[in-house]
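What follows is each chain in one-letter form.
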Amino acid sequence: MDYKNVKGTHDVILNEADAYSFIEAILRNVAERFNFKEFRIPVLESTSLFNRSVGESSDIVRKEMYTFLDKGDREITLRPEFTAGIIRSFVNAKLYANASLPVKAHYVGPVFRYERPQLGRYRQFNQFGVELIGATSLYHDLEVILMGYEALRALHLDNVKILINTLGDQNSRDAYRNALKEHFIPVIDNMCPDCKNRLELNPLRILDCKVKEDKQYIQSAPKIKDFLSDESKERFEIIKDVLKALEIPYEIDDTLVRGLDYYSEVVFEYHYTTQTGINYGAIGAGGHYSSLVKEIGGPSLDGVGLSFGVERLYSVLRDDNLLPDFNELRPLHAIFLPLSEKTSDAAFALATLARRNGFISDIDYSYSKVGTLLKKASKANADFAIILGEEEMEQSNVNIKNLHLNSQETISLNEVCDYLKESYEKMIRQQEEEIEMNLDEAKEYES
Ligand code: HAM
């Protein structure tokens, strides 16, 4: 039997897993600087949660959800996104009454969408995101947009493009929907079957259509900006003014409607093209929502949030060489090399002691020739190899080799940890001296 990973899923292993942890740690750190707190919610939710919130007209609900009946005949869905689940947890815990508002949540984990796998598109992928629930000021929208921007800066993604648009309030959207209906009805028979459906369910979705032949009808469609209420118009103007004042680069995209039904007012996406010109699709996206909390059973509260696709962040960082060398960040301090079974016990005891003292240590039980063992140790990027030969062990000694300097010493068994400690302290002192020397040289050069 040839077991393969399920189509659209992928394994994240070794250095790639380090990279994911690194990306998530940076995103978490920035979110926490904005005072977002961690929420961990289940992967399994009732299907009805998404039908209502993400919306019957969205592609996600219409064709992409992993939905099944569990053994108790409950309709369950693997979450296709976090926002609905986070709001459900907020409502279930009655945080609207028990916590001070806004509640600021950050989250990370896998989400599932039955999409056609392609570059940057998986069926199981990871999102990191934030939700600010109980938003009362347009500065709350700005805070989320800014948090996303700062997170990308912290990852050294400097040439990010932020696309923004407004979908206006309910009245603006109702007027716009009617105008779109009037525009598309005469041409709908020439458009794709999906668009025919969308016309009935939510004509705004037609603007999201990717079919080339449909573009001509979409380009000539009315624009939301002509249907905005004065309030929505003003709100959007202020958001743009503040972004400008903060020198946050943005572009207005009046075709940006987003693929989920819960948005109103401002929506946004973060885009990044790699140095070799690859665009993996939006690396993050979000927006404001006005009726989601109420729809999920809470009071009438506004919210705003965004989610990043961790896979897409990883791809652009990898392509543009912006990831650290994880072998250097996570070194192997010491590798213990028993040369025969007789010295394995001692190797085991020494490695345990070294690990207790904080040294990343491993043991090679292959009992190969010393040369072969040392070659393997170098390849594993170990700093020190501790060789346990029977002869030396009879004197309670081991040979310890600095694999970078290629120097070797014989020391007592009891000294191994102290030796490692002193060696690293010396290395740190040398590094500090080098930095000081470089600074002195730079100062001299300046004067
Ligand atoms: P979304 O645009 O559906 O929004 O997804 C957010 C991000 O997830 C995208 O920008 C992209 O980076 C990543 N993503 C989406 N689909 C895939 C896929 N098939 N494979 C890999 N990455 C993907 C939401 O999910 C909203 N919940 C965002 C939000 C939060 N709005 C308000 N709060």
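Residues numbered from 1 in each chain as written. Predicted model: local features only at pLDDT ≥ 70, side-chain atom pairs only at ≥ 80, totals over all residues. Heavy atoms only, no water.

### Quick word on the environment of Ser264
Alright, step 1. Tracing the backbone through its elements, the reader meets Ser264 in strand E9 (residues 263-271).
Alright, step 2. Given the relative accessible area of 3%, Ser264 is considered buried.
Alright, step 3. Counting along the chain gives 21 residues from Ser264 to Leu243, while the straight-line C-alpha distance between them is 19 Å.
Alright, step 4. Leaving out residues up to four positions away in the same chain, Ser264 has contacts with Leu167, Gly168, Arg173, His288, Tyr289 and Ser290.
Alright, step 5. A polar contact is formed between the side chain of Ser264 and the side chain of Ser290, at a distance of 2.7 Å. (Helix = DSSP H or I, 4+ residues; strand = E, 2+ residues; numbered from the N terminus. Buried < 20%, exposed > 50% of the residue type's maximum accessible area, 1.4 Å probe, protein only. Contact = heavy atoms within 4.5 Å. Polar contact = N/O pair within 3.5 Å; in protein donor to acceptor, adjacent residues only side chain to side chain.)

### Considering the site of the ligand
Alright, step 1. Looking at the ligand, there are 26 residues lining it, with Glu81, Glu115, Arg258, Tyr263 and Ala282 nearest.
Alright, step 2. Here Gly120 contributes a backbone N or O atom positioned 3.4 Å from a nitrogen atom of the ligand.
Alright, step 3. Taking Arg258, its side chain carries an N or O atom lying 2.9 Å from an oxygen atom of the ligand.
Alright, step 4. In isolation the ligand offers 650 Å² of accessible surface; the protein chains occlude 95% of this area.
Alright, step 5. Secondary structure elements with two or more residues in the shell around the ligand: strand E6 (124-135), strand E10 (284-289) and strand E11 (302-309).
Alright, step 6. Across the shell around the ligand, the residue classes tally to 10 nonpolar, nine polar and seven charged. (Near = heavy atom within 4 Å. Areas by Shrake-Rupley, 256 points an atom, 1.4 Å probe, with all protein chains shown as cover. Nonpolar A, V, L, I, M, F, W, Y, C, P; charged D, E, K, R; others polar.)

### Side note on helix H12 (residues 310-319)
Alright, step 1. Within H12, eight of the 10 residues are buried, which leaves the element mostly enclosed by the surrounding structure.
Alright, step 2. Within H12 the residues assigned to the buried category are Val310, Glu311, Arg312, Leu313, Tyr314, Ser315, Val316 and Leu317.
Alright, step 3. Where the residues of H12 are buried, they touch helix H1 (14-33), E6, helix H6 (138-154) and E11.
Alright, step 4. In the stretch just after H12, Asn321 is the one whose phi turns positive, near 55°.

### Some points on helix H8 (residues 193-201)
Alright, step 1. What H8 keeps buried is the set Cys195, Arg198 and Leu199. For H8, the angular spread of buried residues about the axis comes to 105°, placing them on one side. Set apart from the buried face of H8 by more than 90 degrees, the exposed residues are Pro193 and Glu200.
Alright, step 2. On its buried face, H8 sits against helix H3 (59-64) and helix H7 (170-184). (Arc of directions from axis to C-beta.)

### Notes on the packing of H1 against H12
Alright, step 1. At a closest axis distance of 10 Å, the pairing of H1 and H12 adopts a crossing angle of 110°. Relative to H12, H1 is oriented roughly perpendicular. Residues Glu16, Ala19, Tyr20, Ile23, Glu24 and Leu27 of H1 form the contact with H12, whose own contacting residues are Val310, Glu311, Leu313, Tyr314 and Leu317. (Axes fitted to C-alpha atoms, helices over the stretch in contact; angles between N-to-C directions. Parallel < 35°, antiparallel > 145°, perpendicular 65-115°, else oblique.)

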